[in-house]
Structure formats: C-alpha cells, structure tokens
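Residue strings, one per chain:
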Amino acid sequence: MTKMADTATNQVGNSYGEANDSQEIAFDLGVFVGDLNFEEDVSSDDISLEGLQKELEECRNDDVVANILSKGTKLREYTKGVENNLRQVELDSIQDYIKESDNLVSLHDQIRDCDSILSQMETLLSGFQAEIGSISSDIKILQEKSMDMGLKLKNRKVAESKLAKFVEDIIVPPRMVDIIVDGEVNEEYMRTLEILSKKLKFVEVEPMVKTSKALKDVQPELEKLRQKAVSKVFEFIVQKLYALRKPKTNIQILQQSVLLKYKYVVSFLKEHGKEVYIEVRAAYIDTMNKVLSAHFRAYIQALEKLQLDIATSSDLIGVDTRSTSLFSRGREPLKNRSAVYALGERISILKEIDQPALIPHIAEASSTKYPYEVLFRSLHKLLMDTASSEYLFCDDFFGEENIFYEIFAGPFAVIDEHFNSILPNCFDAIGLMLMIRIIHQHQLVMSRRRIPCLDSYLDKVNISLWPRFKMVFDMHLNSLRNANVRALWEDDIHPHYVMRRYAEFTSSLIHLNVEYGDGQLELNLERLRMAIDDMVIKLAKTFSKTKLQTVFLINNYDMTIAILKEAGPEGGKIQLHFEELLKSNTAIFVEELLLEHFGDLIKFVKTRASEDPSSSSERPITVAEVEPLVKDFASRWKSAIELMHKDVITSFSNFLCGMEILRAALTQLLLYYTRLSDCIKRIPGGSALNKDLVSISSIMYEIRKYSRTF
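Residues numbered from 1 in each chain as written. Predicted model: local features only at pLDDT ≥ 70, side-chain atom pairs only at ≥ 80, totals over all residues. Heavy atoms only, no water.

J.: Which residues make up the overall build of the chain, and what values go with them?
T.: Along the backbone of the chain there are 28 helices and zero strands. Expressed as a percentage of its 710 residues, the buried residues of the chain come to 40%. Summed over all atoms, the accessible surface of the chain reaches about 41700 Å², with 56% contributed by carbon and sulfur. (Helix = DSSP H or I, 4+ residues; strand = E, 2+ residues; numbered from the N terminus. Buried < 20%, exposed > 50% of the residue type's maximum accessible area, 1.4 Å probe, protein only. Areas by Shrake-Rupley, 256 points an atom, 1.4 Å probe, with all protein chains shown as cover.)

J.: Can you tell me about unusual backbone geometry, naming the residues and giving the values?
T.: Even without a glycine there, the phi angle at Ser367 is positive, about 55°. With respect to the helices and strands, Ser367 occurs in the loop between α15 (360-365) and α16 (372-397). With a relative accessible area of 61%, Ser367 lands in the exposed category. Backbone geometry at Arg450 places phi at a positive 60°, although glycine is not the residue there. Tracing the sequence through the fold places Arg450 in the loop between α19 (429-449) and α20 (455-481).

J.: I'd like a description of the side chain of Asp647, backed by residues and values.
T.: Its place among the elements puts Asp647 in helix α26 (residues 623-651). Accessibility expressed as a relative area gives 16% for Asp647, which makes it buried. Those residues in contact with Asp647 that sit more than four places away from it in its chain are Lys547, Leu593 and Glu596. (Contact = heavy atoms within 4.5 Å.)

J.: Lay out the packing of α20 against helix α23 (residues 519-541) with the relevant residues and their values.
T.: Between α20 and α23, the least distance of the axes is 8 Å, while the angle of their chain directions is 15°. Here α23 runs roughly parallel to α20, going by the angle between their axes. Every pair of crossing elements has a handedness; the one defined by α20 and α23 is left-handed. Between α20, through Phe469, Lys470, Phe473, Asp474, His476, Leu477, Leu480 and Arg481, and α23, the contact on the second element is made entirely by Leu521, Asn524, Leu525, Arg527, Leu528, Ala531, Ile532 and Met535. Among the residues making up the contact of α20 with α23, the classes are represented as ten nonpolar, two polar and four charged. (Axes fitted to C-alpha atoms, helices over the stretch in contact; angles between N-to-C directions. Parallel < 35°, antiparallel > 145°, perpendicular 65-115°, else oblique. Left-handed = near helix turned anticlockwise from the far one by under 90°. Nonpolar A, V, L, I, M, F, W, Y, C, P; charged D, E, K, R; others polar.)

J.: An account of the environment of Val605 is requested, with residue identities and associated values reported.
T.: By the element assignment, Val605 lies in helix α25 (residues 572-607). On the accessibility criterion, Val605 (0% relative accessible area) is buried. Residues Val605 and Thr674, spaced 69 residues apart in sequence, show a C-alpha to C-alpha distance of 9.7 Å.

J.: Help me get a handle on the packing of aromatic side chains, residues and values and all.
T.: Counted by the stated rule, this structure contains 24 aromatic pairs. Ring centres of Tyr284 and Phe393 lie 5.8 Å apart, and the angle between their planes is 40°; this geometry places the pair in the tilted category. Taken as a pair, Tyr284 in helix α13 (residues 274-304) and Phe393 in helix α16 lie far apart in primary sequence, 109 residues in all. Looking at Tyr284, the relative accessible area reads 0%, which means it is buried. Since its relative accessible area comes to 1%, Phe393 is described here as buried. Across the ring face of Tyr516, the terminal group of Arg437 is positioned such that the distance to the ring centre comes to 4.0 Å. Between Arg468 and the ring centre of Phe427, over which it is positioned, the NZ or CZ distance is 4.8 Å. (Phe/Tyr/Trp six-rings, centres within 6.5 Å; stacked < 30°, edge-to-face > 60°. Lys NZ or Arg CZ within 6 Å of the ring centre and 35° of its normal.)

J.: I'd like a rundown of the side chain of Ser651, residues and numbers included.
T.: Its place among the elements puts Ser651 in helix α26. Note on Ser651: relative accessible area 6%, which makes it buried. Excluding its chain neighbours within four sequence positions, the residues that come into contact with Ser651 are Ile493, Val551 and Asn555.

J.: Go over helix α18 (residues 409-422) with me, naming the residues and quoting the values.
T.: In a regular helix each residue adds 1.5 Å, so 14 residues correspond to 20 Å; α18 covers 20 Å between its end C-alpha atoms and thus fits that length. Residues Gly410, Pro411, Phe412, Val414, Ile415, Asp416, His418, Phe419 and Ile422 constitute the buried set of α18. Taken together, the buried residues of α18 touch α13, α16, α17 (402-407) and α20. (Expected span 1.5 Å × (residues − 1).)

J.: Now, about α23: what can you tell me, with residues and values included?
T.: Helix length check: α23 (23 residues) gives 34 Å between terminal C-alpha atoms against 33 Å at 1.5 Å per residue, within 8%. Here α23 has its buried residues at Leu521, Asn524, Leu525, Leu528, Arg529, Ala531, Ile532, Asp533, Met535, Val536, Leu539 and Ala540. The N-cap residue of α23 is Asp518: its side-chain oxygen and the backbone nitrogen of Gln520 are 3.0 Å apart. (Polar contact = N/O pair within 3.5 Å; in protein donor to acceptor, adjacent residues only side chain to side chain.)

J.: Summarise the nonpolar core; cite the residues concerned and give the values.
T.: The biggest cluster of nonpolar side chains holds 179 residues, and the ones touching the most others in it are Leu454, Leu465 and Phe598. Sort the elements by how many residues they give to this core and helix α27 (residues 655-682) lands first, with 13 residues. Beyond its immediate stretch of four places on either side in the chain, Leu454 contacts Leu383, Met384, Ala387, Phe404, Phe412 and Met446. (Core = buried A, V, L, I, M, F, W, Y, C linked by side-chain atoms within 4.5 Å.)

J.: Describe the pattern of salt bridges, and please don't skip the residues or the numbers.
T.: Counting across every chain of the model gives 25 salt bridges. Of the charged contacts in the structure, one is a salt bridge between Asp474 and Lys470, with a shortest N-O distance of 2.8 Å. Within this pair, Asp474 and its partner Lys470 are both found in helix α20, separated by four residues, close to a single helical turn. Residue Arg527 pairs with Asp474 through a salt bridge whose shortest N-O separation is 3.7 Å. One end of the pair, Arg527, is in helix α23; the other, Asp474, is in helix α20, and 53 residues separate them in sequence. Taken together, the shared-partner salt bridges in this structure form one network comprising Arg245, Asp286 and Lys290. (Salt bridge = Lys/Arg side-chain N within 4 Å of Asp/Glu carboxyl O.)

J.: Pulling in residues and values, what's your account of the packing of α13 against α16?
T.: Two elements in contact, α13 and α16, have axes separated by 11 Å at closest approach and are oriented at 165°. If you check the angle between α13 and α16, you find them roughly antiparallel. Here the hand of the crossing between α13 and α16 comes out right-handed. Here α13 contributes Tyr284, Met288, Leu292, Phe296, Tyr299, Ile300 and Leu303 to the contact with α16, which in turn contributes Leu375, Ser378, Leu379, Leu382, Leu383, Thr386, Glu390, Phe393 and Cys394.

J.: Would you mind going over a nonpolar patch on the surface in detail, with residue names and values included?
T.: Taken together, the side chains of Tyr97, Leu104, Leu107 and Ile111 make up a nonpolar region of the molecular surface, amounting to roughly 370 Å² of accessible area. If one sorts the elements of the nonpolar patch by residue count, helix α6 (residues 101-170) sits on top with three residues. If you trace the backbone, Ile111 turns up in helix α6. (Patch = residues over 30% accessible without salt bridge, like charges linked within 9 Å, V, L, I, M, F, W, Y side chains within 5 Å.)

J.: I'd like to hear about the environment of Leu521, residue by residue, with values.
T.: The topology assignment puts Leu521 in helix α23. When its relative accessible area of 0% is taken as the criterion, Leu521 is described as buried. Counting along the chain gives twelve residues from Leu521 to Leu509, while the straight-line C-alpha distance between them is 8.2 Å. Setting aside anything within four residues of it in sequence, one finds Leu521 in contact with Met433, Arg437, Phe469, Leu509 and Asn513.

Bear in mind that shape data such as this cannot, by itself, settle questions of function.
This is how it looks when you write it as structure tokens:
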C-alpha cells in the first residue's frame, strides 16, 4: 500500500506530454473495470461560486499554482492531466490488490483461525472468572468464620485468666497452711503472711467472691488461718519486746537489726488483728516508756555528781565580797569565782554542740567537774539522739508518729523534774544565757534533721529559761541600784572590783549576743550601764580630792573599755559611752595636773594672754607682771614634768593609758607656754625676757623623750 501511495504521488507531478501514455494504460485496464467517465457536467446546478474569491486569495501564494500560471498552461488541460494520473494510480492499486489476492485470502483464513482460538480462550477465561468468584466468596466465608472463632478464643482466654486468678486468689494451698500453723516466724513466714493477707482482702473486698459458692468452702479455713497467724505473731513480737527490758541492752541496735526485719508482722496485725495490734502497741509503749525513763533518770543522777556550782544568790555585781562568809567559799576553788561574771572558756561549749554526750563514769573517774551548761548540753544531746532514733523507728515500724509522744511522756517528765529542781536554784546568769543559746542551736540541729518531735519540748525549755535569766539579771541590776557605797568604798584609786565585775559580765553577754542581736538583752544591758554609771560616780565622790576622784573614774573607765573590747572589735554603744566618759575625765585630769604644777602660768594665759598690750586698757600687761612667770617656768619646768611623770605612773593602773594622759598634759602645757611666748612678744620691752624664755624646741625634745617611753 505504501508503494502504491508513492506511485500516485509521483505521477501527479508529471508533465502534460505524458498524458497520452496514461490514457493508453487506462484504456487497456478498461477491459477489466469498464468505461469510467471523469468529466463533470459543466452545466450542473450544484456549482456554487461562494468563497471562490477567498480560495483564489489563498492560492495566490501556492508554489504549484504560481508555477502553472507562470507557464501559461490551460487549467482544463492541467486538470485533465491530474485526473488521468489519479485514474492511473487507482488502476495500479487495483492491480496490486489482484496480485496479492492469494496472500489476502491466506491472511483472511489466519484471522478466522485466530478468531476461533480467541473465542475458545474467552470461553475458558469466563470459566476461570466464575470459579475465582466462587473461591472469593468461599474465602470471605472462611474469613468471617475465622474472625468469629478468634473472638470466641479471646473471650475464652479472658474468662480463663479471670477464672485462674479467682481460683489462685481464693484457694488455700496446703503449703501455706503448713507454714502458718507449724512454721517458725522468719522471712518465709512473713512472705506467707503477705499471701494470706491478700486472700483475706480478696474475699472481703471483691463483690463477685461474696456470691460464689467457693467462698462457703474457703472462708472458714481462711478465718482459722487468720486467727492462728495473729496468735502466733503476737507471741513472737511480744517476746522480742521483752528483750528490750533486759539490762544493758542496746535498744537502737535491737530495733534496727531485729525488730525492723519483722515490721510486716505489725502491718499484718494492724490490718487483720486490730485488737491484738492495740495490745502490741500498748506493750511497746509501756516497755519503752519505762526503759527510757530509767535510762534518763540514771544518766541525770550521774551528771549531778559532775556538777560544778558557779554562783549563789549572793554572787551579784553590787554585793560586797567581804560580807560573804568564808565558810561558804571554802569548798570551791578561788578560780571558779571569776566564772560568775567572765565568760572565758565557757564559750567553747557552743562550738561543741554536735560533740557526743558525756560518759559520766569516765568523767567521774578523772574527778572532773563541769559548769551546769556542759551537763545541760550533754543531757539534751542524748535526748535529741534518742528521740530522733525512736521517732524514725516508730514511724517505720508502726507507721504512726503519735506513738513517740506516748513513749516519751515518761522521759520528758523525768527531765522536767530534774530541770525544775535545778532552775530555781540557778543564779548563774552567764550559764543561763549559754543554755538559751544551746537550746537555739539544738533547735537548728533538729530542723536540719527534719525531725519535729522535740519542737514543743525545746520551745518549753526556752520559755522557762528566759524568765529565770531575767530574774537573775534584775538581781544584779538591783544590787547596783541598792548598793551600800560606804561598804563598797575602798581608799584605792585603782579599778574597783564591782566595776570589773560589771565589765566582765557585760562583755560576756555582749559576746553571747553577737550572732543573735537580741534587742531585749541590749535594752537590759543599757539599764545595767546606767546603774553602774550612778554607782561609780558615788564611789568616786567618796574621795576627798577632786583629782583622786578623776583618777578613780579614769582607771575604772579604762579598765571597762579594755574588757569590752575583748567581746568584739567594735564594742557597740556601751563601749562608745565609756570612751566618751574617759575622754572627758582625761581632759579634766590634764587641767588639774597642770594647775598643780603651773597654776600661775595657766591662770595668766587664760585671763590676760589674749589681751592686746598696745590697747588703752586700765591695767596693761607689763614686763614686771610677766617676768616672775617666765623665770619660775625656766627654773623648774623639767623637774615639774618629772613630778608629773611620777604622779601619772603611780596614779594609773594601765601604763599605756597613763603615758597617753602624760603626753596629752605635756602637749597642753606646750600650748599654754606658746601662748605666753606670743604674749611676751607683744609687750613693750618684752624682748628683755628673751634670755629667760625656754625655747619651744627644748620643750618639744622633752616631750619626745617621754613619748619614747610610751
């Protein structure tokens, strides 16, 4: 077919001269196909010229048309040539078909055979499709049956697991019966108790059990096992509790290593034997109450033998030591008397808060005595450790905190009895304040342990200590306010023992208040300071000479400041107060000392030296008036300074304070003499006295000489 198409295409483009050959071929073929007329009726009515102009316009640019027109060929002739070519192509195509007729027939037969085979295959496939549809429906039915069977299996498994659990929870294995009835109380016994407890809870709580027939068979057996287990563990635990009552038993070790191993026994009794649990609880409380009360009572009695009495009701700041009986002091070393007012090494007890409690028989063997605050700390340290251990044990073993307070009602009563006998006879204010600070530290220790069992007890002790301290403090205060000055006075300008007591007492309390800032204590110390101020002035006034009064005050103030500085570097308001008093009395003494040796010179300088000699005053300053002063000073100033030095050395207890006062006096003397020298320079004819004037540098040299000793 492709060959015929190519032939037609080639023949359409032949020249007009080949037309006759084509007609001849067409004529020969006409024998087979008949006469074919290609001419059209020109006069046909179907011809329409519509759109001709448009087609002509389109053909204008056609290369073939343009070629024909350029050659001037007639269109009719060209058309005939084309028609003949087409006819020839058609005849050629027919001829080709005739030549291939056998092949076409063979092809037709093959196609028919293929169609038959395909028809058979269609029938076979249709059968397969029908069979597959049938298999699909069977598979679907099987799938539905499988799902149904799977659901039934799942339900049966759930039912089986529930039933198995029910059977497991409700049956009583023979092994369990043997252990409960005949076994010893050990770890295996406690594991069996746990299983029994679960079964007892199961038959009591599960609603499905109460309606089951199995309960009627099992419940009586479970009840018998419960009663047997309760009875057996009660005897066992009571036996263990009685071991706590044996002398010299280490209670904490027994609790931790023995009782806590069997704490489930108590839990079992609490759940399934409430009445028996109450008996066990009561037995433990009674046992521990008696044991701990006896331990604390014995410990307190041992501590009382180690007590060192510090102060009595007569050991007060303002009480005359000479009025105290010698017999009452004979039993105590003299060194212990200083501890009444001075803190000293007693402060170290606050650094030993966490140290172990005293062991009385060791301390007694060494014949060591301790102030009461040491015994107080030791007792409460033992109380804290014992209470902490017992509180944690009760919480772990019984699961109840309230048991602790019932147990310790006895020990608290023993300690309160002891404390109530000690406190009314305690007149040691320093010791009382130390005990207050010890209680505060113990409260912090218990807070860090996060154990609240002693909160109310420690608060109660603290509340009882403060009023006693206030009472003893007021006794010291009243002893100063009501002091007999005549009885206390001694003809001695050195620091008075009452003032030393006050300074040590105040310094001790300030030291104990550094980290606490107790405003009430500061207020009480201020009241005490006002009382000592009044008393020391009264003592000073008993001296006949003003100078001796001033020296007495300076010595006492200086000694007080020195002791207060030991309490802290800053000293606070009380130290500042005494420093001001020392400063003012030092100025008074300097003036009195200078007046004693250079009275005329100082009087002149204060009254006349500031006058102007050139002014027209009624009584002008003259050389004659000044000359005796100058010559007197020149003749004895060195010896006077030496006398002043000796006077200061003998008058003041503190050498450094005395030399500071001497230096202040010499400096003031230099100022007076400088003013005198300036006055002489302004007097007419005053230059005549220059030969008698002592040079300022000489006086300065002498001052430096005494300063070097300082």
